[in-house]
Amino acid sequence: MEQIDVITAISHPLRRRIIDRLLLHGPTQVGTFARAFDVQVGSISHHLRMLQKAGVVEQVDDPSGDRRTSWWQLSRRSFSWSSEDFDSPSDALLAREAQRANLRNQLERLKRWYRVSDSSDWSGFNTDTLAWATQDELLDLQERLLRMLEEWRSDIDGDDGQARTPVYFFAHGFPTEV
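Cut-offs applied
- Each chain has its residues counted from 1, running along the sequence as written.
- For a predicted model such as this one, the threshold for reporting local features is a pLDDT of at least 70, and the threshold for listing and counting side-chain atom pairs is 80 or more; totals across whole chains, interfaces and linings nevertheless cover every residue.
- Derived side-chain values reflect all non-hydrogen atoms in the structure, with water molecules and hydrogen atoms excluded from consideration.
- When DSSP locates at least two bridges between a pair of strands, those strands are taken to pair.
- By the criteria applied, helices consist of DSSP H or I runs no shorter than four residues and strands consist of E runs no shorter than two, each listed in order from the N terminus.
- What is meant by a nonpolar core is a set of buried Ala, Val, Leu, Ile, Met, Phe, Trp, Tyr and Cys residues, joined one to another through side-chain atoms within 4.5 Å.
- In this scheme, a residue with accessible area under 20% of its type's maximum is buried, one over 50% is exposed, and one in between is partly exposed, where area comes from a 1.4 Å probe on protein chains only.
- It only takes one pair of heavy atoms within 4.5 Å for two residues to be counted as in contact.

K.L.:
Any chance you could explain the pairing of strand 3 (residues 71–74) here in plain terms?
P.N.:
In summary, the side chains of a regular strand alternate between the two faces of the sheet. By the bridge criterion, two bridges tie strand 1 (residues 28–29) to strand 3 in an arrangement that is antiparallel. Of the residues in strand 3, the one forming a bridge with T28 is W72. Bridge count between strand 2 (residues 57–60) and strand 3: four bridges; the pairing is antiparallel. Of the residues in strand 3, the one forming a bridge with E58 is Q73.

K.L.:
Which parts of the structure should I look at to understand the nonpolar core?
P.N.:
Burial of nonpolar side chains together is a common tendency in soluble globular proteins. Judged by nonpolar contacts, the single largest core of 26 residues is most densely connected at I18, I44, L48, L51, V56 and V57. Breaking this core down by element, the ones donating at least two residues are helix 1 (4–10), helix 2 (13–25), helix 3 (30–37), helix 4 (41–53), strand 3 and helix 5 (89–116). With five residues, the top contributor of residues to this core is helix 1. The contacts of I18, once residues within four sequence positions are left out, are F33, F37, I44, H47, L48 and L51.

Spelled out as structure tokens, the structure:
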């Protein structure tokens, strides 16, 4: 179960963009974030400190050894939660709002893809399924998907000389009615 401070830290839109950039590019200098997002360095530094406080990112040494620059990397790669994880009504409310923000982010990415997909050389996909399951079986599915995604990501050889583009995958599993 995620701690509520982690959930609230990662649900901010700019912090989410910082996390996404670190996922794709690895350790990054504060100025690089500021240029990429067209945001002041001070604002980027503030958001990085908030993520650091939540244990999401950590400051690392400049690869060139220059101690005047501030570099950051992810401390962890994935996050998963449910508002039902929280006994406190206020924490459950914060978790639900974070879920809503996450869903808005996911759907906006999907909408952007569909707006350009006809003119893209890439093919995306969608899939869904419906089955009878217990709560434990649904949690097992979540764990299996997380393991499979991590394996898929680690199998990608980023040094093989092939051109790559960021690929986004999201999934939701939940009880429903038919």
